[in-house]
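Architecture at a glance
Read off the chains here:
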2 protein chains.
Amino acid sequence: MPNDVYAPPALPKGTLRVTPIGGLGEIGRNMTTFEINGKILIVDCGVLFPEEHQPGVDLILPDFTPIKDRLKDIVGVVLTHGHEDHIGAVPYLLKLRQDIPLIGSGLTLAFIEAKLKEHRITPYTLQVKEGQKERLGPFNLEFVAVNHSIPDALAVAIKTEGGSVLHTGDFKMDQLPLDNRITDLRDFARLGEEGIDLFLVDSTNADVPGFTPSERAIGPVLEDVIARAPRRVVIASFSSHVHRVQQVLDAAHANGRRVALLGRSMVRNMTIAADLGYLKVPDGVLIDFKKAGNIPDNKIVYMSTGSQGEPMAVLSRIVNSEHQIEVGPGDTVILASSLIPGNENAVYRIIDGLTKLGANVVHKGNAKVHVSGHAAAGELLYVYNVLRPKNVLPVHGEYRHLVANAKLAVQSGVPVERAILAEDGTVLDLRNGDVKKVGQLDLGYVYVDGSTVGEITEADLTDRRTLAEEGFISIIVVVDKSTGKIITGPEIHAKGFAEDDSVFDSVRPKIEAALAEAAQSGSHDTYALTQVVRRTVGRWVQASFRRRPMIVPMIIEA
Amino acid sequence: MPNDVYAPPALPKGTLRVTPIGGLGEIGRNMTTFEINGKILIVDCGVLFPEEHQPGVDLILPDFTPIKDRLKDIVGVVLTHGHEDHIGAVPYLLKLRQDIPLIGSGLTLAFIEAKLKEHRITPYTLQVKEGQKERLGPFNLEFVAVNHSIPDALAVAIKTEGGSVLHTGDFKMDQLPLDNRITDLRDFARLGEEGIDLFLVDSTNADVPGFTPSERAIGPVLEDVIARAPRRVVIASFSSHVHRVQQVLDAAHANGRRVALLGRSMVRNMTIAADLGYLKVPDGVLIDFKKAGNIPDNKIVYMSTGSQGEPMAVLSRIVNSEHQIEVGPGDTVILASSLIPGNENAVYRIIDGLTKLGANVVHKGNAKVHVSGHAAAGELLYVYNVLRPKNVLPVHGEYRHLVANAKLAVQSGVPVERAILAEDGTVLDLRNGDVKKVGQLDLGYVYVDGSTVGEITEADLTDRRTLAEEGFISIIVVVDKSTGKIITGPEIHAKGFAEDDSVFDSVRPKIEAALAEAAQSGSHDTYALTQVVRRTVGRWVQASFRRRPMIVPMIIEA
C-alpha cells in the first residue's frame, strides 16, 4: 500500500515524532505512537476485522515492528474508549511487555481488564477522567470528555517540548446525550486558545453531510415498536453500546416488560456497566435468561448480540434454530444497529430468515432504530472552528474519509498544506508548529488465525483465495529413484473441483505419457517431473473446463 | 430451502398451473412456467450472480429439472426485458432444445440475439410490442408497456381456459420517463376490468417506502458535475442502461464534451440501442476510444462499465493501472449506479483507489446520480388499486421483499389468503379464480463454473469454503502392501496454512508412531491407515494452532 517507503532520520532532541501505526486507510486497528526525547507514548491499540478477501482470518493487528525493539521506552498506552478497534490489540502488545501502563477512563479500563483476564494478564493501569492532567515522562497529558457510542470516551491533549497535540479518539457531538456528558467544546476552545499544533481527528463520518441525530431520538421509536408488539421482542445491537441497551431497558420498563440479556459479551459488558453505574437498571427489569421462559410472551424483551449477522452470535443461532429461543409468527425482532459495509449479505440473510419464520423485522432500513457514533461533516466543522488547530491529521478512516475530513479542515480555514494526508506508517515530525513528513515505514497486516499471530502471510491468503475460487487437484506419482519410471500412480484427488473423480480418467494417460517422455530424455529429478505433471494437468484442465484450480503435483521417489 | 417437498398431482384439463422456477427468494434467475392442456409457456429465463459464500461460481442458473422431459411441449419463452437476470439463462435453455421460440420487444430480442451469437445459436424469434396480441397454443398473450431501467420492457397478460394472469416483469412508474413510454396504467385498468385472476408482480423495492424519483432528475446533476469538472470525466454505470447513457451523452454534449464508450458490453449494447433508435446520439458526440487521447482533457467524457467493482471491468483496471486511461489529480469519476448488496467492499475499494489517485469521486452516497429501476411501495399501491387482481403472487425478490409486497396487496384490499407467498418450485393451480398450492418441487442452484454447468455441487462449495478459511494439509505415506510398514514419507505439504513447512516437523514422528501401531495391530488396509493419519494430524493441528484446515491424507501401497 505505501507508495514510497523510506526510513526517517534519527529523531532530534526536542522534536515530537508522530507515527500512525494503524487506522489510516482502514476502519479499525487504530494506533498512533508519539515519541520525544527517547520516550514513546501510544494512543489506542485496536484490532481490525477481516474482509471477505481475507478468508479464515480472525483478527488483524497493527504491525508492532516500529516499537518491537523499543518496548522499554514506552511510557504508556492511552486508551480513548473501550471499543475493540481501540483496545482489541492490547493483549498482543502486553504479551511483548506485560508492565506497560494502560491509561483510560473507568469504563474503558474495566472493559480492557475483562478482556485481559481471558488472556490471563493483570495490567498496570492508571484511571483518569475528563479535566485530569497527568505527566508521563516528557508527555503532559490532559483528558477531555467526548461523546461516542460507548460511555466515558476521552480525547487526549499531549503537550511536549516539540509541540501540542490533540487526539479526539472516536467522537460525535450529540448535544443531548443520554448521560448529559457532551463533547466538551469549552475545553476544546481553551486548548485551541493555548495552541494546538497538530489535531488528530476522527474521519469515519467526514463524508456524511449534516449532523448525526441524537441517540435520544431512538428511545421513542423503540418504545413505540415494543408497545405495538403482540408477542415477544428480540432486540440485537452491539454488546458495548451501553446507552442503546439503556434505552431498551427504559422502553421495556415503560411497557411493563422484563429484559433478558443474551450472549456472553452482552452479559459481561452490561454487568460491568451496571456495576460501575454507567447503566441504570430500572428496578426489577432485568431477568436471568434461564427464568425468562416463565414470563408471558408479551411481557419479555430479549436483548442480544449478532446484529451484524455474525454466524456464531445469538441472532444467527436463533435463525438457524440452534438457540433455545424459537422465533415465530407474531414475534418482533429489532436490529438496533448500523450495517457495517461488507456485512450486508449476512445481515439480509438474517432478516430473510427471521421474516420466513414469521417475525416482524424492524431495522435501520425501515425505522429510526440506529444513529451513528461518529461526527458527521457539520459537527466536524464546529470542532475545527472552535479549536483552530495549526495542522490537522485526519485519522480513523478509509482513504476517502481522510480526504473528506481534510477538505473540511481546509474549508474551515486550515491552509491546504497543513491538512495532512498520511497513511499507516507515515512518520511526521513536529517542531515549532510545523509538521514535516520525514519517513514512510513499510507496515503490514498482522493476521491472527486460531492461536497463531503473524504466521499467516499474504501469500497464504492468495493461496486460500485460489483454493476458494477453484479448489485443487493433487496428483501423486511414486517413481523409481534411478530410472524415473512410474511405480505407482498417478493417483489423483481433488477438493472443490468436481464431485466425481472419474473426470480424471482422461488425463491419467496424458500424465503417464508425459512422465515417460521426461524419463526417457533423462530429466527425472523430482522438481523437473513435478513441473511436467503440473504443466500436463494445467493444460488439460484449462482446455476441458476453462478453469484454473490449484494444481498440486507430488513426485515421490522410492 | 423448501420446507416440505411434495409432488403435485396430475394437472386436470382446463386448469392453469403456475410454477416459479427462479426469482422467489433471490434477486435474479427469474423464470416462471405456465402450463395448461399439455402445453408450457415460460416467462423469462435469467441468471443469478453468486455471493461470497459461493466462491468461484460464475453464474447461477434456474433448475431446469421440471421442464427437462417436457421440452417438446414448450410453446415459447416470453422475455419481458433485456437484463441478464431475465435473459441470461436462455443460451443454456436453448442448448436443451434450440428451436424454442423467443418472444420479446425489439431491444430485448436484439440483446438476447447478440448474446446467443457468442454461443453460436441463432434463435427463432417473435418480435412483439405493447398493445399486440398473440396466440401460442392454449395461451392468449397480450403485451403491455412498462417502464424500467432498460427501454422497451413489457408486461404480459396470459389468458387461458384456466384463468387470466398478468406478469409485470420488472417495472417502475416513472411518470416522466426519458422516452415518454410510461407503465401503461390505462391498459392495467382495462385488464383489471376484464378480470385478472393472478397478478405476478415485481417485489424488488416493495420494502422501500414512497416513490422512486424520475430518471430525469439525474440529468441536471450529471450536467452540473461535468460543467464543474476541470479535467477528464469518467462515468461508470450498467452497460444496458440506455437512458442513463443517453443522459451522459446529452450532458456531455451540453458541455461541449465528446464521449468515448469503454468496455466490450457497453460498446456492444449501445451500438445496438443506437442502431435501433433507442439511444439518440447527438451529432458528433461519440468518438472512438482510440482517438479520444487526442481530445483535450476538459473536452472528453469516458463512459465505462465496472460500477459494481467487478475486478475485470474497465473501472477496476483503471484503479489498478491496468488500463490505458490513467486517472489522476483533477479528474472526476462518477459512479452513476446502485450499490448492489454484497458489492460494498469492492465498490469502496474502487472509490478509495480513485481518491488516492487524486480523483474527485461522485457517487450515490454524495450526489443524486442514480435512481432505482423498480417500483417502490407507493407505486405498487397505485398498481394494485388500478388493477384490482383476484390473487397476487409477489415475484422477483428475497423473502423479505415478497412479504413486504404481499402486505401492500393486503393493504390495498386483496384478502390475505389471496396474497400468496411462494418460493422457487411452489406449484400453484389456478381455476375459476381460485389459486391452490398443490406441490413443492425440490429445486436446486445450478452453478456455472468455467465451461461446466451443474458439475459443481453444494458439497464442492462447502469444500471450497473450508479451503478458503483454513487451507489444507496433505500427508502422503507410501506403505508396504503386505506389512503396512512405511516405505517413504510421511511427506507433508500445505497450502494456505503456513508459509514454512518446518511447522510439520513435530507431527511427523506422531504420524510414524500411529502408523506403526496400526500396522502392528494388523489394521493396515489403506482406508484404516488414512483415518489414522487424519486423526493424528487433526488432533495435533487443533491443539497446536486452534485451527481446522482440511486434512488430506493419502496412503499409497507399493
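Residues numbered from 1 in each chain as written. Chains lettered and ligands numbered in written order. Predicted model: local features only at pLDDT ≥ 70, side-chain atom pairs only at ≥ 80, totals over all residues. Heavy atoms only, no water.

**What to know about the overall build of chain A**
Secondary structure assignment for chain A yields 16 helices and 25 strands. Along the first, second and third principal axes, the C-alpha set of chain A runs to 85 × 70 × 45 Å. Counting every position in chain A, which comprises 558 residues, the buried fraction comes to 59%. Contacts in chain A between residues at least 24 apart in sequence constitute 71% of all its contacts with a sequence separation of at least 6. Accessible area of chain A: about 21,900 Å², with a carbon and sulfur share of 50%. Here chain A holds 59 positive side-chain charges and 69 negative ones, and the gap between their average locations is 2 Å. (Helix = DSSP H or I, 4+ residues; strand = E, 2+ residues; numbered from the N terminus. Buried < 20%, exposed > 50% of the residue type's maximum accessible area, 1.4 Å probe, protein only. Contact = heavy atoms within 4.5 Å. Areas by Shrake-Rupley, 256 points an atom, 1.4 Å probe, with all protein chains shown as cover. Lys, Arg positive; Asp, Glu negative; His and termini not counted. Charge placed at Lys NZ, Arg CZ, Asp CG, Glu CD.)

**Overview of the pairing of strand 2 (residues 31–36) of chain A**
Residue and element names in this part refer to chain A. Here strand 2 lies mainly inside the structure; six of its six residues are buried. Two strands pair when backbone bridges link them, and strand 1 (residues 16–22) and strand 2 are joined in this way by five bridges, in the antiparallel orientation. Bridged to Pro-20 within strand 2 is Thr-32. By the bridge criterion, five bridges tie strand 2 to strand 3 (residues 39–43) in an arrangement that is antiparallel. By the bridge assignment for strand 3, Thr-32 is matched with Val-43. (Pairing = 2+ DSSP bridges.)

**Examining the packing of aromatic side chains**
Considering all chains together, one arrives at 18 aromatic pairs over all chains under this definition. On the basis of an interplanar angle of 25 degrees and a centroid distance of 5.9 Å, the ring pair of Phe-497 of chain B and Phe-504 of chain B is categorised as stacked. Among the aromatic residues, those joined into a ring-pair cluster are Phe-497, Phe-504, Trp-540 and Phe-545 of chain A. Lying across the ring of Tyr-92 of chain A, Lys-95 of chain A places its NZ or CZ 4.9 Å from the centre. The ring of Phe-497 of chain B is capped by Arg-547 of chain B, whose NZ or CZ atom sits 4.3 Å from the centre of that ring. (Phe/Tyr/Trp six-rings, centres within 6.5 Å; stacked < 30°, edge-to-face > 60°. Lys NZ or Arg CZ within 6 Å of the ring centre and 35° of its normal.)

**Considering the domain arrangement of chain A**
Each assigned domain of chain A is listed here: domain 1 (16–210 + 373–444), domain 2 (216–363) and domain 3 (458–557). Once you take the C-alpha centre of each, domain 1 of chain A and domain 3 of chain A turn out to be 52 Å apart. (Domains from an automatic or database assignment.)

**Here we look at the UniProt feature "binding site: substrate" (unreviewed entry) in chain A**
All names here are of chain A. In the numbering used here, UniProt assigns the "binding site: substrate" (unreviewed entry) feature to Ser-239, Ser-240, His-241, His-370, Val-371, Ser-372, Gly-373 and His-374. Here Ser-239 lies in the loop between strand 13 (233–236) and helix 7 (242–254). The contacts of Ser-239, once residues within four sequence positions are left out, are Ser-265, Met-266, Asn-269, Met-270 and Thr-305. At a separation of 3.3 Å, a polar atom in the side chain of Ser-239 contacts the side chain of Ser-265. By the secondary structure assignment, Ser-240 is in the loop between strand 13 and helix 7. What Ser-240 contacts, discounting residues up to four positions off in sequence, is His-83, Phe-111, Ser-149, Ile-150, Asn-269 and Met-270. (UniProt positions renumbered as here; feature names shortened; annotations may be inferred. Polar contact = N/O pair within 3.5 Å; in protein donor to acceptor, adjacent residues only side chain to side chain.)

**Considerations on the pairing of strand 20 (residues 434–440) of chain A**
Residue and element names in this part refer to chain A. For strand 19 (residues 426–431) and strand 20, the ladder comprises six bridges, and the chain directions are antiparallel. When the bridges of strand 20 are listed, Leu-428 appears paired with Lys-437. Linking strand 19 back to strand 20 in an antiparallel pair, the connection comprises two residues, with Asn-432 at a positive phi of about 55 degrees.

**Points about helix 15 (residues 508–520) of chain B**
Residue and element names in this part refer to chain B. For helix 15, which comprises 13 residues, the first-to-last C-alpha distance of 18 Å matches the rise-based estimate of 18 Å (1.5 Å per residue) to within 8%. Among all positions in helix 15, only Ile-511, Ala-514, Leu-515, Ala-518 and Ala-519 are buried. All buried residues of helix 15 fall inside an arc of 135 degrees around its axis, so they share one side. The exposed residues of helix 15 that point more than 90 degrees off its buried face are Glu-517 and Gln-520. Where helix 15 is buried, its residues touch strand 23 (472–479), strand 24 (486–495) and helix 16 (526–545). Just downstream of helix 15 lies Gly-522, where phi reads positive at about 90 degrees. (Expected span 1.5 Å × (residues − 1). Arc of directions from axis to C-beta.)

**Description of the sheet that holds strand 23 (residues 472–479) of chain A**
All names here are of chain A. Overall, mixed pairing links the three strands, which are arranged 24-23-25 in an open sheet. The two strands at the open ends of the sheet, each matched to only one other strand, are strand 24 (486–495) and strand 25 (550–557). Averaged over all neighbouring strand pairs, the angle between strand axes comes to 10 degrees, with direction disregarded. Two strands pair when backbone bridges link them, and strand 23 and strand 24 are joined in this way by seven bridges, in the antiparallel orientation. Across the sheet, the residue bridging to Ile-476 is Glu-491, located in strand 24. Seen against the sheet, helix 15 (residues 508–520) touches strand 23 and strand 24 and runs at an angle of roughly 135 degrees to strand 24. (Axes fitted to C-alpha atoms, helices over the stretch in contact; angles between N-to-C directions.)

**Digging into the environment of Pro-91 of chain B**
Residue and element names in this part refer to chain B. Examined against the element boundaries, Pro-91 turns out to sit in helix 3 (residues 90–94). For Pro-91, a relative accessible area of 1% puts it in the buried group. When the C-alpha atoms of Pro-91 and Gly-46 are compared, they prove to be 9.9 Å apart, with 45 residues separating the residues in sequence. Setting aside chain neighbours within four positions, we find Pro-91 in contact with Ile-112, Lys-115, Leu-116, His-119 and Ile-121.

**Re the UniProt feature "binding site: Zn(2+)" (unreviewed entry) in chain A**
All names here are of chain A. Residues annotated in UniProt with the feature "binding site: Zn(2+)" (unreviewed entry) correspond here to His-81, His-83, Asp-85, His-86, His-148, Asp-170 and His-396. Spatially, the listed residues are clustered: although they cover 316 residues, their C-alpha atoms lie within 13.9 Å of one another. Residues within four places of His-83 in sequence aside, it is in contact with Gly-88, His-148, Ser-149, Ile-150 and Ser-240. For His-83, the side chain forms a polar contact with the side chain of His-148, separated by 3.2 Å. Examined against the element boundaries, His-86 turns out to sit in helix 2 (residues 84–87). Exposure remark for His-86: the relative accessible area of 0% places this residue in the buried category. Those residues in contact with His-86 that lie beyond four places of it in its chain are Asn-30, Asp-44, Cys-45, Gly-46, Leu-79, Thr-80, His-81, Asp-170 and His-396.

**A look at the nonpolar core**
Counting 65 residues, the largest nonpolar core has Leu-102, Ile-235 and Ile-334 of chain B as the members making the most contacts within it. Top contributing element to this core by residue count: helix 4 (residues 106–118) of chain B, with seven residues. Counting the residues that make up this core, at least three belong to each of domain 1 (16–210 + 373–442) and domain 2 (215–363) of chain B. With near-sequence residues (within four places) excluded, Ile-334 of chain B lies in contact with Leu-222, Val-225, Val-233, Val-234, Ile-235, Ala-236, Val-362 and Val-369 of chain B. The next biggest cluster of nonpolar side chains, apart from the first, holds 62 residues, and it includes Val-225, Ala-229, Ile-334 and Val-446 of chain A. (Core = buried A, V, L, I, M, F, W, Y, C linked by side-chain atoms within 4.5 Å.)

**Let's talk about the packing of helix 15 of chain B against helix 16 of chain B**
All names here are of chain B. Two numbers describe how helix 15 lies on helix 16: the axes approach to 10 Å, and their chain directions differ by 145 degrees. Here the hand of the crossing between helix 15 and helix 16 comes out right-handed. Every residue of helix 16 that contacts helix 15 at Lys-510, Ile-511, Ala-514, Leu-515 and Ala-518 is listed here: Leu-529, Val-532, Val-533, Thr-536, Val-537 and Trp-540. Residues of the contact of helix 15 with helix 16, tallied by class, amount to nine nonpolar, one polar and one charged. (Left-handed = near helix turned anticlockwise from the far one by under 90°. Nonpolar A, V, L, I, M, F, W, Y, C, P; charged D, E, K, R; others polar.)

**Brief notes about the pattern of salt bridges**
This structure, assessed with the given rule, holds 63 salt bridges over all chains. Taking the shortest distance from any N to any O, the salt bridge between Arg-181 of chain A and Glu-130 of chain A comes out at 2.9 Å. Separated by 51 residues along the polypeptide, Arg-181 of chain A in the loop between strand 11 (163–167) and helix 5 (185–194) and Glu-130 of chain A in the loop between strand 7 (125–127) and strand 8 (133–136) bring together distant segments of the chain. Taking the relative accessible area as the measure of exposure, Arg-181 of chain A reaches 12% and is therefore buried. The class for Glu-130 of chain A is partly exposed, based on a relative accessible area of 32%. Arg-349 of chain A is the partner of Glu-51 of chain B in a salt bridge, and the nearest nitrogen-oxygen pair spans 2.7 Å. Note that Glu-51 of chain B is positioned in the loop between strand 3 (39–43) and strand 4 (59–61) and Arg-349 of chain A in helix 11 (residues 344–356), a pairing that runs across two chains. The exposure class assigned to Arg-349 of chain A is partly exposed, which follows from its relative accessible area of 36%. Look at the salt bridges and you will find they share partners, linking Glu-142, Lys-159, Asp-187, Arg-190 and Glu-194 of chain A into a network. (Salt bridge = Lys/Arg side-chain N within 4 Å of Asp/Glu carboxyl O.)

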